[in-house]
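Analysis of the macromolecular model
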Amino acid sequence: MEKVVTFLLDGEVIQGQEGQSIMQAADEAGKYIPRLCAHKDLTPHGSCRICTVLVNGRPQSACTQPIADGILVESETPKVNQLRTDIIDMLFVEGNHFCMFCEKSGSCELQALAYRFGITAPKYPYQFPQRDVDASHPDIFLDRNRCVLCGRCVRASKEVDGKNVFQFVGRGVEKRIAVNSEQGLKGTDAEVMDKAISVCPVGAILKKRVGYAVPVGRRLYDHQPIGTASEEETTE
Amino acid sequence: MSKPKIATTSLAGCFGCHMSLLDIDERILELAELVEFHKWPINDRKSFSAQCAVGLIEGGCCNEENVEVLRTFRSSCDVLVSVGDCAIMGGIPAMRNMVPLEECLQEAFVDGPTVHNPTGAIPNDVEIPLLLDKVYPCHEVVKIDYYLPGCPPPADTLWEALVALLTNKPISLPYNLIKYD
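Residues numbered from 1 in each chain as written. Chains lettered and ligands numbered in written order. Predicted model: local features only at pLDDT ≥ 70, side-chain atom pairs only at ≥ 80, totals over all residues. Heavy atoms only, no water.

Residues and elements named next belong to chain B. Turning to its location among the elements, Pro-4 is positioned in the segment before strand E1 (5-10). Judged by its relative accessible area of 29%, Pro-4 is partly exposed. Between the C-alpha atom of Pro-4 and that of Val-110, which follows or precedes it by 106 residues, the distance is 49 Å. For Pro-4, the residues in contact, after removing those within four places along its chain, are Leu-34, Val-35, Glu-36, Ala-53 and Leu-166. (Helix = DSSP H or I, 4+ residues; strand = E, 2+ residues; numbered from the N terminus. Buried < 20%, exposed > 50% of the residue type's maximum accessible area, 1.4 Å probe, protein only. Contact = heavy atoms within 4.5 Å.)

The next subject is a nonpolar patch on the surface. All names here are of chain B. On the surface, Met-19, Leu-22 and Ile-42 cluster together into a nonpolar patch covering about 310 Å² of accessible area. Looking at the element boundaries, Met-19 is found in helix H1 (residues 16-22). With a relative accessible area of 55%, Met-19 lands in the exposed category. (Patch = residues over 30% accessible without salt bridge, like charges linked within 9 Å, V, L, I, M, F, W, Y side chains within 5 Å. Areas by Shrake-Rupley, 256 points an atom, 1.4 Å probe, with all protein chains shown as cover. Salt bridge = Lys/Arg side-chain N within 4 Å of Asp/Glu carboxyl O.)

With that out of the way, let us pick up the sheet that holds strand E2 (residues 12-17) of chain A. Residues and elements named next belong to chain A. Strand order in this open sheet of 5 strands is E2-E1-E5-E3-E4, and the pairing throughout is mixed. Looking at strand neighbours, the two that pair on one side only are E2 and strand E4 (58-61), the edges of this open sheet. Pairwise comparison of adjacent strand axes, ignoring direction, gives a mean angle of 40 degrees for this sheet. Relative to strand E5 (residues 72-74), strand E3 (residues 52-55) is paired through 2 bridges, and the arrangement is antiparallel. Counterpart to Leu-54 in the pairing with E5 is Glu-74. Sheet strands in contact with helix H2 (residues 78-94) are E3 and E5, and its direction is about 145 degrees off that of E3. (Pairing = 2+ DSSP bridges. Axes fitted to C-alpha atoms, helices over the stretch in contact; angles between N-to-C directions.)

Its location among the elements puts Tyr-126 of chain A in the loop between helix H3 (109-116) and strand E6 (133-134). When the C-alpha atoms of Tyr-126 of chain A and Ile-205 of chain A are compared, they prove to be 22 Å apart, with 79 residues separating the residues in sequence. Here Tyr-126 of chain A is in contact with Phe-92 and Val-93 of chain A together with Ile-88, Met-89, Lys-134, Pro-137, His-139 and Glu-140 of chain B, once residues within four sequence places are set aside.

Turning to the domain arrangement of chain A, a few remarks are in order. How big an interface is tends to be stated in terms of the accessible area lost upon association of its parts. Residues and elements named next belong to chain A. Domain boundaries in chain A define domain 1 (4-76) and domain 2 (84-211). Computed over C-alpha atoms only, the centres of domain 1 and domain 2 are separated by 25 Å. Domain 1 puts 22 residues into the contact, and the matching count from domain 2 is 21 residues. At the boundary of domain 1 with domain 2, total buried surface from both sides reaches about 1,600 Å², with 58% on carbon and sulfur atoms. Per-residue buried area on domain 1 facing domain 2 is highest for Leu-36, Leu-42 and Ile-50; these three make up 40% of the total on that side. For the interface between domain 1 and domain 2, the tally reads 3 salt bridges. Of the charged contacts in the structure, one is a salt bridge between Glu-76 and Arg-116, with a shortest N-O distance of 3.6 Å. Looking at side-chain class alone, the side of domain 1 that touches domain 2 contains 12 nonpolar, 6 polar and 4 charged residues. (Domains from an automatic or database assignment. Buried area = accessible area lost by both parts, 1.4 Å probe. Nonpolar A, V, L, I, M, F, W, Y, C, P; charged D, E, K, R; others polar.)

Our focus in this paragraph is the sheet that holds strand E5 (residues 77-83) of chain B. Residue and element names in this part refer to chain B. Spatial ordering of the open sheet is given by E2-E1-E3-E5-E7, a layout of 5 strands whose pairing is parallel. Each edge of the open sheet is held by one strand with a lone partner, namely strand E2 (36-39) and strand E7 (146-148). Mean inter-strand twist for the sheet, computed between neighbouring axes without regard to direction, equals 30 degrees. Seen against the sheet, helix H3 (residues 64-76) touches E1, E2, strand E3 (52-58) and E5 and runs at an angle of roughly 135 degrees to E5.

Our next topic: unusual backbone geometry. All names here are of chain B. Residue Pro-152 is bonded to the preceding Cys-151 through a cis peptide linkage, with omega at -5 degrees. Non-glycine residue Asn-168 carries a positive phi angle of around 55 degrees. Following the sequence through the fold, Asn-168 ends up in the segment after helix H6 (155-166).

Okay, structure coming up:
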């Protein structure tokens, strides 16, 4: 039998199993920690830092940090939420996020996080970077303008689909998602039902010919913030 | 005491945000009780003759005239509000920001598949405001006090924000009234 670990999350006593991450233990206790690159079916990556919490006063990513007896975890505090807001601001200005015509709008996790934190405008200057679109595949779009480099597609393709279609290339501001064919997506064995296609939190990887199917007002985050209890039931 | 004055304008926008303002329906009568519309597209007044309490800016800055109008609004309005995604992030006009200006003009006036332009000239009259190198959000040009996102912002968002501003209350928008689309 696994050892029970007890810790404090925002002053509340939480019990988890040894080996769990802070995020896993919090999820089981019904406490939502905001996240972007983390996905319940994939190995945690710890890259987006939206799930940053203070563990005994030090910033750690809740998706990768294991729980330990007696740790003090701060999540829903003004200080931590300000850090998260700043990261979301940066993600918006570093890409080209035109929500007004994006097919993902209303069901986009980046947008939903911004709504949750009540962001009306980012505080950093817009970069308007030049990014490529790959529309070569008959059933899938890859729009790097909207990519937030969460790496969900990289992990899903490798871990779930067993294909290794996506990978990161470049470093720093040059970092981007690449596919394992010089002909673009059409030259890969990516298929529309792959896990890698459905896990994209933003509109960077989209299925063709199904856009705007859900009317405004009935999309995932139109009325309920991301992280509310009823969300799990409505997610595909 | 005279009623506070408000002013509105559309820079590089489509007037959709103004449409959304009219979409507050019969509450426009209540708004008219609260304020005097000093300078806005409906009365087509060309310049400010008084200081305004609130200025609403639709659209970002794509040319030098937009910048001049925006600066005039900043100096003539106590509180300046960016209304809509174009004012806040450039919006649809900012899609040209990823393409050099010269290429944009070449495509629009010379190379475009539906262009008929036998002389191949790109318009360059002194009467035409010069385009900026890219489309700028308003807050990257002047200080902006409040932001109301949306494409357009819901009528209720505009209503809630205006009533709060005009009654000296903080703008506090519920979840349903902050939208980016």
